[in-house]
Amino acid sequence: MTVAWLDKQVSNQAAEVAARTLGIPNLDGASLVRALREIPDEPEGVDGLESAYVVYDTGSFDVFDPAYDAVIPPLANLIPSSVCDPHARRLSIPASLSQLVAFLQPGGRVHNFCDGVCDASVDAERPGGVPEAALCDPLP
């Protein structure tokens with residue numbers, strides 16, 4: 001189960017509820033988030049995991065910079081801005097696609113194809129595999 005950090009269509013909270021309900025672990029060392037309530041962090045190990053929850057950062061938002069406040073999805077039940085919505089962008093992250101292809105093979109399992117945490121720090125972790133300078137910029 002792959003999720004985009006700060007998804008504006010399916011909230012990260014809703015995705016966490018789904019992962020918790022399904023009883024799947026968080027892929028430790030790959031997923032952007034960890035220590036989620038009632039979702040254990042598990043390393044992939046040599047053979048990978050049977051199933052896992054993985055949160056990918058698309059690299060467009062800085063939650064520590066107040067300039068981004070207007071484009072970060074609200075926690076309240078409000079319609080968010082659609083600027084740089086990471087929902088579909090996660091589907092074009094090369095590491096995410098590699099993970100999906102490996103999982104869908106006969107006997108497939110979940111492995112980490114990111115360079116550590118899936119935090120958009122290298123091209124293979126960014127939508128479209130683009131350099132950082134080419135990422136969607138939500139600020140005017």
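Residues numbered from 1 in each chain as written. Predicted model: local features only at pLDDT ≥ 70, side-chain atom pairs only at ≥ 80, totals over all residues. Heavy atoms only, no water.

Enquirer: Teacher, can you tell me more about the overall build of the protein chain here?
Expert: The number of helices and strands found in the protein chain is 3 helices and 4 strands. Along the protein chain, from the amino end to the carboxyl end, the secondary structure elements read β-α-β-β-β-α-α. Its C-alpha atoms give the protein chain a radius of gyration of 15 Å, near enough to 14 Å, the size a compact globule of 140 residues would have. Taking the principal axes of the C-alpha coordinates as reference, the protein chain spans close to 45 × 30 × 20 Å. Here the protein chain, with 140 residues, has 36% of them falling under the buried criterion. Accessible surface computed for the protein chain: about 7,700 Å², of which carbon and sulfur atoms make up 57%. The positive charge centre, built from 8 side chains, and the negative charge centre, built from 20, are 5 Å apart in the protein chain. (Helix = DSSP H or I, 4+ residues; strand = E, 2+ residues; numbered from the N terminus. Rg over C-alpha atoms; globule rule 2.2 N^0.38 Å. Buried < 20%, exposed > 50% of the residue type's maximum accessible area, 1.4 Å probe, protein only. Areas by Shrake-Rupley, 256 points an atom, 1.4 Å probe, with all protein chains shown as cover. Lys, Arg positive; Asp, Glu negative; His and termini not counted. Charge placed at Lys NZ, Arg CZ, Asp CG, Glu CD.)

Enquirer: Teacher, can you tell me more about the side chain of S96 here?
Expert: Locating S96 in the fold gives a position in helix α3 (residues 94-103). Filtering out sequence-adjacent residues up to four positions away, S96 remains in contact with T2, Y56 and R90. (Contact = heavy atoms within 4.5 Å.)

Enquirer: I keep staring at the state of the cysteines and nothing clicks. Help me out?
Expert: Within the structure shown, the criterion is met by 2 disulfides. The side chain of C84 participates in a disulfide bridge whose partner is C136; the two sulfur atoms lie 1.9 Å from each other. With the S-S bond torsion at -80 degrees, the cross-link from C84 to C136 turns out left-handed. Within this pair, whereas C84 is found in the loop between β4 (54-56) and α2 (86-89), its partner C136 is found in the segment after α3, the two being separated by 52 residues in sequence. Owing to a relative accessible area of 5%, C84 belongs among the buried residues under this scheme. (Disulfide = S-S within 2.5 Å.)

Enquirer: Quick question: what am I supposed to make of the nonpolar core here?
Expert: Side chains of nonpolar character tend, in soluble globular proteins, to be buried together. L27, A30, L49, A52, V54, Y56, I93, A95, V110, C114 and C118 together form the largest nonpolar core, which totals 11 residues. In this structure, I93 is in contact with Y56, D57, T58, A124, E125, R126, P127 and G128, ignoring residues within four places of it in sequence. (Core = buried A, V, L, I, M, F, W, Y, C linked by side-chain atoms within 4.5 Å.)

Enquirer: What am I meant to see in the pattern of salt bridges here?
Expert: Oppositely charged side chains are able to pair whenever their charged atoms sit close together. For the structure on display, the rule yields 4 salt bridges. Linking R126 and D123 is a salt bridge whose minimum nitrogen-to-oxygen distance equals 2.5 Å. Residue R126 is classed as buried on the basis of its relative accessible area, which comes to 5%. (Salt bridge = Lys/Arg side-chain N within 4 Å of Asp/Glu carboxyl O.)

Enquirer: What exactly am I supposed to notice about α3 here?
Expert: In an α-helix there are 3.6 residues to a turn, and that puts residues three or four apart on one side. By the burial criterion, the buried members of α3 are A95, S96 and Q99. On an axial view of α3, the arc spanned by its buried residues comes to 100 degrees, and they lie on one face. Next to the buried residues of α3 lie β1 (2-4), β2 (26-28) and β4. (Arc of directions from axis to C-beta.)

Enquirer: How should unusual backbone geometry be read in this particular structure?
Expert: Negative phi is the rule for most residues except glycine; trans is the rule for most peptide bonds. The phi torsion at E38 lies on the positive side, around 60 degrees, for a residue other than glycine. Its location among the elements puts E38 in the loop between β2 and β3 (41-43). Take E38: its relative accessible area is 59%, and that puts it in the exposed class.

Enquirer: Would you mind showing me how to read a nonpolar patch on the surface here?
Expert: A surface patch of nonpolar side chains, about 280 Å² in accessible area, is lined by L100, F103 and L104. The residue L100 is located in helix α3 in this model. The class for L100 is partly exposed, based on a relative accessible area of 44%. (Patch = residues over 30% accessible without salt bridge, like charges linked within 9 Å, V, L, I, M, F, W, Y side chains within 5 Å.)

Enquirer: Explanation requested: the environment of L27 in the structure shown.
Expert: The topology assignment puts L27 in strand β2. Put simply, L27 and S51 are 24 residues apart on the chain and 8.8 Å apart in space, counted from C-alpha to C-alpha.

Enquirer: What's the story with the environment of P94 in this structure? I'm lost.
Expert: Along the chain, the position of P94 falls in helix α3. Separated by 33 residues in sequence, P94 and P127 place their C-alpha atoms 7.3 Å apart. With sequence-adjacent residues up to four places away left out, P94 is seen in contact with D123, A124, R126, G128 and G129.

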